[in-house]
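Structural characterization, general
Below, each chain spelled out in residue letters.
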Amino acid sequence: MEFKPLTCEDKPKVRFLVVDDSVFARKNLCKMVQAFGGEIAGEAGDGVAAIAEYDSTHPDIVLMDITMPKMEGIEAVEHIVRDHPDARIVMVSSVGYQDNILSALQKGARHFVQKPVKPEALYEIIRYVLNDKVAEAPATAGEA
Amino acid sequence: MKMELIQPFINSLDAVIAETMGCSAEIADVTMEEGNYKRTGIAALVGISGEIEGRVILDMETAAAQQAAADLSGAAGNPTDETARETVCELTNMVIGNAVTQLNDHGFKFRVHPPEIYALDGGLQGAPDTEAVVLRFETPKGAVYLNIAVRYRQRRAGERAATRVLCP
């Protein structure tokens, strides 16, 4: 499938930070990012490394896993957004239950994609987030 | 072990295999196991803690794992053993993550730990009071085994309390 190259604020390429403890998952996400016309600014295998990598690379978008050693993705989102309120972070995880999604969005993530990732779905979500839109939180049990 | 705990893992494996490998997975055999689990090919283990606790192992015949690695990486030629191991880890992460999502949305609160490659040749000793269900799935690319050993934590605590009353 062909994708129209992503754009962001007149930059020639959208720069991504890819965070996942699985090297294999990172490679696959990087391949998708390149198919979208994006550029890999950095990679990290846990939440602690993600914070450091964000500080040094200032990417346009972060793709962040949740279940990782040392520090989980949701905690890393909290740290990054506290220091960089404009950070655009998309959670990419196989664990997609409502509490997790809600918690990630409350900490400042912009969207959530469940694994296995469909490239066309990820592309649309990144385009949405690049326009500074934020996903709506899922309804909780107490809501209608 | 109750079916309500097992069914989400079956649904999830079926969906993940279809999505990532583009083929179906049919249940070919179901057995109960109390002793050590000896892997068949390349296996990864995920621990679960919370209201439900235990572990799940996804074990793929080596040929199936290598085919999955080739399908998922899209690389030409035979994938390395390392790539096949990483593929099994990631498939395990997806299967268990999706199952856990279904269970959490049905009210069970617990968390999963990152997958680890299960490389022991001598077998993994199960918990003495938890039997494992082993499901063998047949796919056109080889067999995939799912070894599920999970239990309700609260019920186990209740059983311990009852034992203390009976055997002070």
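A brief report on the enclosed structure follows. (Residues numbered from 1 in each chain as written. Chains lettered and ligands numbered in written order. Predicted model: local features only at pLDDT ≥ 70, side-chain atom pairs only at ≥ 80, totals over all residues.)

1. What about the overall build of chain B?
In terms of helices and strands, chain B carries 4 helices and 7 strands. Listing each helix as α and each strand as β along chain B from the N terminus yields α-β-β-β-α-α-β-β-β-β-α. Each of the 168 residues in chain B was classed as buried or not, and the buried ones make up 39%. Taking the intrachain contacts of chain B between residues at least 6 apart in sequence as the baseline, contacts between residues at least 24 apart amount to 69%. (Helix = DSSP H or I, 4+ residues; strand = E, 2+ residues; numbered from the N terminus. Buried ≥ 20, exposed ≤ 12 C-beta atoms within 10 Å, placed from the backbone. Contact = placed C-beta atoms within 7 Å.)

2. Quick word on unusual backbone geometry
Residue and element names in this part refer to chain A. Cis geometry is found at the peptide bond from K115 to P116, where omega equals 0 degrees. Locating P116 in the fold gives a position in the loop between β5 (111-114) and α5 (119-130). For K70, which is not a glycine, the phi torsion comes out positive at approximately 65 degrees. Positionally, K70 belongs in the loop between β3 (61-64) and α3 (73-83).

3. What to know about the packing of helix α1 (residues 23-35) of chain A against helix α3 (residues 81-105) of chain B
Packing of α1(A) against α3(B) leaves a shortest axis separation of 8 Å and a crossing angle of 85 degrees. With respect to α3(B), the element α1(A) is oriented roughly perpendicular. Of the residues in α3(B), those touching α1(A) at A:V23, A:F24 and A:A25 are B:E86, B:T87 and B:E90. (Axes fitted to C-alpha atoms, helices over the stretch in contact; angles between N-to-C directions. Parallel < 35°, antiparallel > 145°, perpendicular 65-115°, else oblique.)

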